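The lines below spell out each chain.
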Number of protein chains: 4
Amino acid sequence: MILKALREEVLEANLELVRRGLVLYTFGNASGIARDEGLVVIKPSGVPYDKMKAEDLVVTNLDGKIVEGSLRPSSDLPTHLILYREFASIGGIAHTHSRAATSWAQAQREIPCFGTTHADYFHGPIPVTKPLTPAQIRADYEANTGHAIVRRFAKLDPLHLPAVLVAGHAPFCWGATPAEAAHIAVIVEEIAAMASQTIAANPRARCISQHLHDKHFRRKHGRDAYYGQNK
Amino acid sequence: MILKALREEVLEANLELVRRGLVLYTFGNASGIARDEGLVVIKPSGVPYDKMKAEDLVVTNLDGKIVEGSLRPSSDLPTHLILYREFASIGGIAHTHSRAATSWAQAQREIPCFGTTHADYFHGPIPVTKPLTPAQIRADYEANTGHAIVRRFAKLDPLHLPAVLVAGHAPFCWGATPAEAAHIAVIVEEIAAMASQTIAANPRARCISQHLHDKHFRRKHGRDAYYGQNK
Amino acid sequence: MILKALREEVLEANLELVRRGLVLYTFGNASGIARDEGLVVIKPSGVPYDKMKAEDLVVTNLDGKIVEGSLRPSSDLPTHLILYREFASIGGIAHTHSRAATSWAQAQREIPCFGTTHADYFHGPIPVTKPLTPAQIRADYEANTGHAIVRRFAKLDPLHLPAVLVAGHAPFCWGATPAEAAHIAVIVEEIAAMASQTIAANPRARCISQHLHDKHFRRKHGRDAYYGQNK
Amino acid sequence: MILKALREEVLEANLELVRRGLVLYTFGNASGIARDEGLVVIKPSGVPYDKMKAEDLVVTNLDGKIVEGSLRPSSDLPTHLILYREFASIGGIAHTHSRAATSWAQAQREIPCFGTTHADYFHGPIPVTKPLTPAQIRADYEANTGHAIVRRFAKLDPLHLPAVLVAGHAPFCWGATPAEAAHIAVIVEEIAAMASQTIAANPRARCISQHLHDKHFRRKHGRDAYYGQNK
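Keep in mind it's a predicted model, so treat the numbers as computed, not measured.

Trainee: Any chance you could explain the side chain of Gln106(A) here in plain terms?
Mentor: Residue placement: Gln106(A) occurs in helix 3 (residues 99-107). Overall, Gln106(A) belongs to the buried group, its relative accessible area being 3%. For Gln106(A), the contacting residues outside a window of four places in its chain are Gly168(A), His169(A), Phe114(B), Gly115(B), Thr117(B), Met194(B) and Thr198(B).

Trainee: Got a minute to help me understand the interface of chain B and chain A in this structure?
Mentor: Many analyses report the size of an interface as the accessible area lost when the parts associate. Taken together, the contacts link 33 residues of chain B with 30 residues of chain A. Summing the contributions of chain B and of chain A, the shared interface buries around 2900 Å²; its carbon and sulfur component is 50%. Taken together, the links from chain B to chain A amount to three salt bridges. Scanning the region where chain B abuts chain A turns up 18 residue pairs in polar contact (both at pLDDT 80 or more). The set of elements that each furnish at least two residues to the side of chain B that touches chain A consists of helix 4 (116-119), helix 7 (178-201) and helix 8 (210-220) of chain B. It is helix 7 of chain B that contributes the most residues to the side of chain B that touches chain A, 11 residues altogether. Here the side of chain B that touches chain A is composed, by residue class, of 14 nonpolar, 13 polar and six charged.

Trainee: Could you clarify how one ought to interpret the arrangement of the chains in this entry?
Mentor: One thing to see here is that chain A and chain C don't touch, and their nearest C-alpha atoms sit 11 Å from each other. Regarding chain B and chain D, which are not in contact, the minimum distance between any of their C-alpha atoms is 11 Å.

Trainee: Quick question: what am I supposed to make of the interface of chain D and chain A here?
Mentor: In this complex, chain D contributes 30 residues to the contact, which on the side of chain A involves 33 residues. Among the residues chain D hides against chain A, the three largest losses belong to Tyr25(D), Arg72(D) and Arg99(D). Together they make up 25% of the total. Summed over the shared surface of chain D and chain A, the result is three salt bridges. Residue Glu142(D) is joined to Arg219(A) by a salt bridge in which the shortest nitrogen-to-oxygen separation is 2.7 Å. Across the contact surface, chain D and chain A share 16 residue pairs in polar contact (both at pLDDT 80 or more). Elements represented by at least two residues in the side of chain D that touches chain A include exactly helix 3 (99-107), helix 5 (134-138) and helix 6 (141-152) of chain D. With seven residues, the top contributor of residues to the side of chain D that touches chain A is helix 3 of chain D.

Trainee: Sorry if this is basic, but what is going on with the sheet that holds strand 5 (residues 92-95) of chain B here?
Mentor: Where strands meet in a sheet, backbone hydrogen bonds hold them as pairs that are either parallel or antiparallel. Residue and element names in this part refer to chain B. Strands sit in the order 4-3-2-1-5-7-6 across an open sheet of seven strands; the sheet is antiparallel. One side of each edge strand has no neighbouring strand; the edge strands of this open sheet are strand 4 (66-68) and strand 6 (163-165). Along the sheet, successive strands turn relative to each other by an average axial angle of 25°, direction set aside. Contacting strand 1 (29-34), strand 2 (39-42), strand 3 (58-61), strand 4 and strand 5, helix 1 (residues 4-19) runs over the sheet at an angle of about 155° to strand 1.

Trainee: What is the right way to read the pattern of salt bridges from this model?
Mentor: Side chains that differ in sign of charge can pair as their charged atoms come close. In the structure shown here, the tally under the stated rule is 39 salt bridges over all chains. Between Arg19(A) and Glu12(A) there is a salt bridge, with the nearest N and O atoms lying 2.5 Å from each other. Of the charged contacts, one joins Arg99(B) and Glu190(C) as a salt bridge, the two residues approaching to 2.8 Å between their closest N and O atoms. Taken together, the positions of Arg99(B) in helix 3 (residues 99-107) and Glu190(C) in helix 7 (residues 178-201) put the pair across two chains. The partly exposed category is assigned to Arg99(B), whose relative accessible area is 32%. What makes Glu190(C) buried here is its relative accessible area of 12%. Beyond isolated ion pairs, a larger network of salt bridges with shared partners links Glu12(A), Glu16(A), Arg19(A) and Arg20(A).

Trainee: Teacher, can you tell me more about helix 1 (residues 4-19) of chain C here?
Mentor: Since one α-helical turn is 3.6 residues long, residues separated by three or four positions face the same way. All names here are of chain C. If you check helix 1, its first and last C-alpha atoms are 22 Å apart, about what 16 residues at 1.5 Å a residue would give, namely 22 Å. Among the residues of helix 1, those classed as buried are Leu6, Arg7, Val10, Leu11, Ala13, Asn14, Glu16 and Leu17. Along its buried surface, helix 1 packs onto strand 1 (29-34), strand 2 (39-42), strand 3 (58-61), strand 4 (66-68), strand 5 (92-95) and helix 7. Once helix 1 ends, the next one or two residues include Gly21, with phi positive near 75°.

Trainee: Would you explain the relation of the copies chain D and chain A in this entry?
Mentor: The operation linking the two copies of the chain is a rotation about an axis combined with a translation along the axis. Rotating chain D by 90° and translating it 0.0 Å along the rotation axis places it on chain A, where the RMSD comes to 0.0 Å. The transformation relating the two chain copies, once decomposed into turn and shift, fits a four-fold axis. No C-alpha of chain D lies nearer the rotation axis than that of Ala200(D), which sits 5.5 Å from it.

Trainee: Is there a simple way to think about the sheet that holds strand 7 (residues 171-175) of chain D in this case?
Mentor: Residue and element names in this part refer to chain D. Spatially, 4-3-2-1-5-7-6 is the arrangement adopted by the seven strands of the open sheet, whose pairing is antiparallel. Only two strands of the sheet have a single partner each, and these edge strands are strand 4 (66-68) and strand 6 (163-165). Pairs of neighbouring strands in the sheet enclose a mean axial angle of 25°, with direction left out of account. Pairing of strand 1 (residues 29-34) with strand 2 (residues 39-42), which is carried by four bridges, proceeds in the antiparallel orientation. Residue Ala34 lies in a different strand from strand 2, and its bridge partner there is Leu39. Taken strand by strand, helix 1 (residues 4-19) contacts strand 1, strand 2, strand 3 (58-61), strand 4 and strand 5 (92-95), and its axis lies near 155° from that of strand 1.

Trainee: Would you mind showing me how to read the environment of Gly124(A) here?
Mentor: Residue and element names in this part refer to chain A. Within the secondary structure layout, Gly124 lies in the loop between helix 4 (116-119) and helix 5 (134-138). Along the chain, Gly124 and His160 lie 36 residues apart, while their C-alpha atoms are 8.1 Å from each other. Discounting chain neighbours no more than four positions away, the residues touching Gly124 are His118, Leu161 and His213.

Trainee: Just to check I follow, could you spell out unusual backbone geometry for this structure?
Mentor: Trans peptide bonds make up most of the peptide bonds, and negative phi angles are found at most residues other than glycine. Residue and element names in this part refer to chain B. If you check the backbone angles, Leu3 has positive phi at about 55° while not being a glycine. Structurally, the position occupied by Leu3 is in the segment before helix 1. Residue class for Leu3 comes out buried when judged on its relative accessible area of 18%.

Trainee: Just to check I follow, could you spell out the packing of aromatic side chains for this structure?
Mentor: Given two aromatic rings, one states the distance between the centres and the angle between the planes to describe the pair. The full count for this structure, using the stated rule, is 16 aromatic pairs over all chains. Where Phe87(D) meets Phe153(D), the ring centres are 5.6 Å apart and the plane angle is 50°; that geometry is what we call tilted. Residue Phe87(D) is located in the loop between helix 2 (77-86) and strand 5, and its partner Phe153(D) is located in the loop between helix 6 and strand 6; the two are separated by 66 residues in the primary sequence. Each member of the pair, Phe87(D) as well as Phe153(D), is classed as buried. Each residue in the set Phe87(A), Phe153(A) and Trp174(A) is aromatic and connected to the rest through ring pairs, giving one cluster. Between Lys220(B) and the ring centre of Tyr227(B), over which it is positioned, the NZ or CZ distance is 4.3 Å. Here the basic side chain of Arg20(C) rests over the ring of Tyr25(B), its NZ or CZ set 4.1 Å away from the ring centre.

Trainee: Help me understand the confidence of the model for chain A, please; the structure alone is not making it clear to me.
Mentor: A residue-level look at chain A finds 100% of positions with pLDDT of 70 or above and a mean pLDDT of 96. Both confidence scores are given for the complex: pTM 0.97, ipTM 0.95.

Rules of the game
Residues numbered from 1 in each chain as written. Chains lettered and ligands numbered in written order. Predicted model: local features only at pLDDT ≥ 70, side-chain atom pairs only at ≥ 80, totals over all residues. Heavy atoms only, no water. Helix = DSSP H or I, 4+ residues; strand = E, 2+ residues; numbered from the N terminus. Buried < 20%, exposed > 50% of the residue type's maximum accessible area, 1.4 Å probe, protein only. Contact = heavy atoms within 4.5 Å. Buried area = accessible area lost by both parts, 1.4 Å probe. Salt bridge = Lys/Arg side-chain N within 4 Å of Asp/Glu carboxyl O. Polar contact = N/O pair within 3.5 Å; in protein donor to acceptor, adjacent residues only side chain to side chain. Nonpolar A, V, L, I, M, F, W, Y, C, P; charged D, E, K, R; others polar. Pairing = 2+ DSSP bridges. Axes fitted to C-alpha atoms, helices over the stretch in contact; angles between N-to-C directions. Expected span 1.5 Å × (residues − 1). Least-squares fit on C-alpha atoms with pLDDT ≥ 70 in both. Phe/Tyr/Trp six-rings, centres within 6.5 Å; stacked < 30°, edge-to-face > 60°. Lys NZ or Arg CZ within 6 Å of the ring centre and 35° of its normal. pLDDT = per-residue confidence, 0-100.

Rendered as structure tokens:
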């Protein structure tokens, strides 16, 4: 069996989505990439999480050809592949239909940065893709979902904004590793739930200032970060 | 004891409603039908779930006559029977007062298809029945609830829209088996909760396009489905 | 130790409030009455639930004089006593600050009957008391809370409407036994949560018809009830 | 190892935040002060709660100099220090990003006293700080957060209002001990959640009267308190 360590990481990222209450039944999927080998490890389609083993995961190349595995990969595989091809800095992807984040995706509204919890992770509002056209839905739908995300990020850095809301669908999240991608999926759900309650408490709530936003993002990211322990 | 396997399936469907947090106390009920025998297995009325055994379930014919069982069947039995008689394709029914779905039933508002989670399961908005007339409430209330559902589905396929919101009451859900019916009850609750949060995030939220709706429904249903593993 | 059986019932009712997530820390209290002896058993004030034993409960007469027990009774005792004196049909009382029901009490808005879950338990909207006057707050505050409830029920039957929202405070619930009172506290929380979600889904949501309301209440109460098993 | 007892108290206060569902991952922090020694014990930055031991906590003096401990203290330490220096009556501080309270902080709206749950703990609305200026964010951001809190409390008693919402950030809570601070953090979350549901149930909901507010606060605080047991 190839990529044993990455398989374990991807399995663990998938199980983290379950433990945090982000998935119902077989919803959601997480994957990871071995950049040197150009191989992706992803959850199989429609398999219950509680029976999933590392060997059930599917290994494909960046064209989606199955290299190892007897099960079908997640039907969202083509979306993952586009993101891995276009976002060279990412190493893991997590996709869920978690309740609050999906609700914002369905509302087709970006999540404004209402506070420092958001600013600690995202250097801007959490963006929403444009809806796909009928032609983009008809053929290569999942790949076109990836392309819509990539277009939305034309001027954005994926590691500074590690998630997107796909309009009318749900969030896709990513990070340097599968574990980070799952972590971001948890954070996006929390930020989305807080944003809903913020506008309920004050329909005219406003974003925090760019100064405060920058300050918090840089406390945790980049060369001047001072949150956490020295690595 | 007759219909032992179906009794176990129906018990399991009832317990799934409990595990998923859809029922309080003795609320809710699930049933299943043996089409060849023309017999229905249903939860007894007002019995605690944690003590319920397969032999406590009640077996009736399609006229509601008890064929086996010493307990009274669920008071909603007549609704189940009408649905089994009129919807030939269904094999199980689950009824809950789960919080979010019941709230939409109380709001007497169909649940619009705001996203792909909904489209994966329902080929249209989740419909609401018309309120019953005083005469329909006075006599044969539970059977008339079933008739109101059937009238609402005059032009709809019950397997393409496997749930209904009974106005001022709560959802009834169904599927090819009791397990599928319980699964749909869980999904309806999730879709209802997301729909509430969607309109909170954007009061002008709109349905997804018919193209996207069709695409997702057909990814999972019918001859071109490609979600999950080959059976 | 007197009233051992009632002490166990009251302890159990208090613990049910904890198990159902209705209380934080030492919030809430349940009591029961032995009508023949004219004695009330109630939770002690500010004692953690997880260490509470039947012998920690306090027994008082209907004037609030402690008959047995070394701890102070709940500070809400005078409210309970007024209710026991004025509502001859009740045998138990439960008071919580459960989140959704307390929110409606704070909103000082009666809970309209939006659906059959409500109608199964309450034969009308869940009423709200009038706010107390400064004089009623200054002296005998807890007894005056009881009097405000009694005034609100001048034309109402407490067993047909087994709960009230005290304006700006929280619900008081009751029943024939302490267990029933705790059960109603759980139901009131669920009905309140559903009512909030109902008006969120449809700000113009309306009550169900009086016919449907009567039908459901009488399915479960009175001589024509046909829900549950024969006792 | 110095301050062993206080270390245990502070560890316990941090773990209480976890048990009550107020923190995600490494969010949040609690601290305590030994007034005689002028030393503060605080959670280390970015360390998982489930592996935290009393010896991992960091001891600093009131200038923030580390006196004992090999890990970095919480990045919010300077905020804690300002509060300990300016609020002589407090012995513990807890900071969380709990969902509902953080949402009100993000909404930059003080929490009105809608009911007696609030009045039992806070003698007034829960205040919000003013947003920091760009200069206050640029340098000594965390200390300036503390100064903003202190300015907001110029005419307020910190033990009568044991929490504040930092605008666009989250709550800081305190008390006579670390345990009390954590307790207040739980209460603030509950009050915030109830306040949101109160305005959802009635957008024109109003504060309770000053008489009722005073009555409940004094039932639990000061020389005329009569809630709980004699100490």
